[in-house]
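Examination of the molecular architecture
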Amino acid sequence: MTARPLTAGTYGFHDLQIGDVMKTGSAEITADLITVFAELTGDKYPLHLNDDVARQLGYRARVAHGLLVLSVVDGLKFQSDARPDGLASLGWNWRFEQPVFAGDTIRAELNVVSKRETSSGRRGIVAFRFDVFNQAGQRVQQGTNELIFDL
């Protein structure tokens, strides 16, 4: 199916078609954000908090938690000009492909890959494929997320 870029607005189940594309704004993953996420989650692995340790492990600088990036992307989804009007997430299938470093800026493209009504006929489920890119246009994460919608 041909990709259809969506314009500004909120999209319900019946508004979305397979092939639709939503583009998010961007967000900087700062060192402070990484530190706060480490404190919040308790994931204080030194790769995330110490540039020297990260360099010893072969990275150019401290690496953001993969789940931090996923969380920021989920927030960007609902701040976008074109955004889904879903009720709740049903789950994620996700890959961390490249490191995201403190100071990187991320954005995402969401593509509608499937949709179906539930057996009750009162709700629908839409699956989105996410491609997350850094400021250089490199894909750093990707995966799918299913959202449930009222019909």
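Residues numbered from 1 in each chain as written. Predicted model: local features only at pLDDT ≥ 70, side-chain atom pairs only at ≥ 80, totals over all residues. Heavy atoms only, no water.

**Digging into the overall build of the protein**
The number of helices and strands found in the protein is 4 helices and 8 strands. Taken from N to C terminus, the helices and strands of the protein fall in the order β-β-β-α-α-α-α-β-β-β-β-β. Seen through its principal axes, the protein has C-alpha atoms that stretch 55 × 30 × 20 Å. Counting every position in the protein, which comprises 151 residues, the buried fraction comes to 41%. Contacts in the protein between residues at least 24 apart in sequence constitute 66% of all its contacts with a sequence separation of at least 6. In the form shown here, the protein has an accessible surface area of approximately 8,100 Å², with 47% of it arising from carbon and sulfur atoms. (Helix = DSSP H or I, 4+ residues; strand = E, 2+ residues; numbered from the N terminus. Buried < 20%, exposed > 50% of the residue type's maximum accessible area, 1.4 Å probe, protein only. Contact = heavy atoms within 4.5 Å. Areas by Shrake-Rupley, 256 points an atom, 1.4 Å probe, with all protein chains shown as cover.)

**Looking at the pairing of strand S8 (residues 139–150)**
Across a regular strand the side chains alternate sides, sitting on one face of the sheet and then on the other. Bridge count between strand S5 (residues 88–96) and S8: 8 bridges; the pairing is antiparallel. By the bridge assignment, Gly91 is partnered in S8 with Glu146. Pairing geometry for strand S7 (residues 123–133) and S8, over 11 bridges, is antiparallel. Paired with Phe133 across the bridge in S8 is Arg139. Hairpin geometry of S7 and S8 is characterised by an intervening segment of 5 residues between the two adjacent antiparallel strands and by a positive phi of about 85° at Gly137. (Pairing = 2+ DSSP bridges.)

**Side note on the nonpolar core**
In terms of nonpolar packing, the biggest core is built from 30 residues, with Leu16, Met22, Ile29, Ile106, Phe128 and Val132 touching the most fellow members. Elements with a contribution of two residues or more to this core: strand S3 (20–29), helix H1 (31–41), helix H4 (66–79), strand S6 (104–117), S7 and S8. No other element matches the 6 residues that H4 contributes to this core. If you look at the next biggest cluster of nonpolar residues, it comprises 5 residues, including Leu47, Ala61, Val63 and Phe101. (Core = buried A, V, L, I, M, F, W, Y, C linked by side-chain atoms within 4.5 Å.)

**So, the packing of aromatic side chains**
Here the structure, examined in full by the defined rule, presents 4 aromatic pairs. The interplanar angle of 85° and the centroid separation of 5.3 Å between the aromatic rings of Trp92 and Trp94 together place this pair among those described as edge-to-face. Note on Trp94: relative accessible area 16%, which makes it buried. On the numbers, 5.5 Å between centres and 65° between planes, the contact of Trp94 with Phe130 is edge-to-face. Here the residue Trp94 occupies a position in strand S5, and Phe130 occupies one in strand S7, the gap between them amounting to 36 residues. (Phe/Tyr/Trp six-rings, centres within 6.5 Å; stacked < 30°, edge-to-face > 60°.)

Interpretation in functional terms is not warranted from these geometric data alone.
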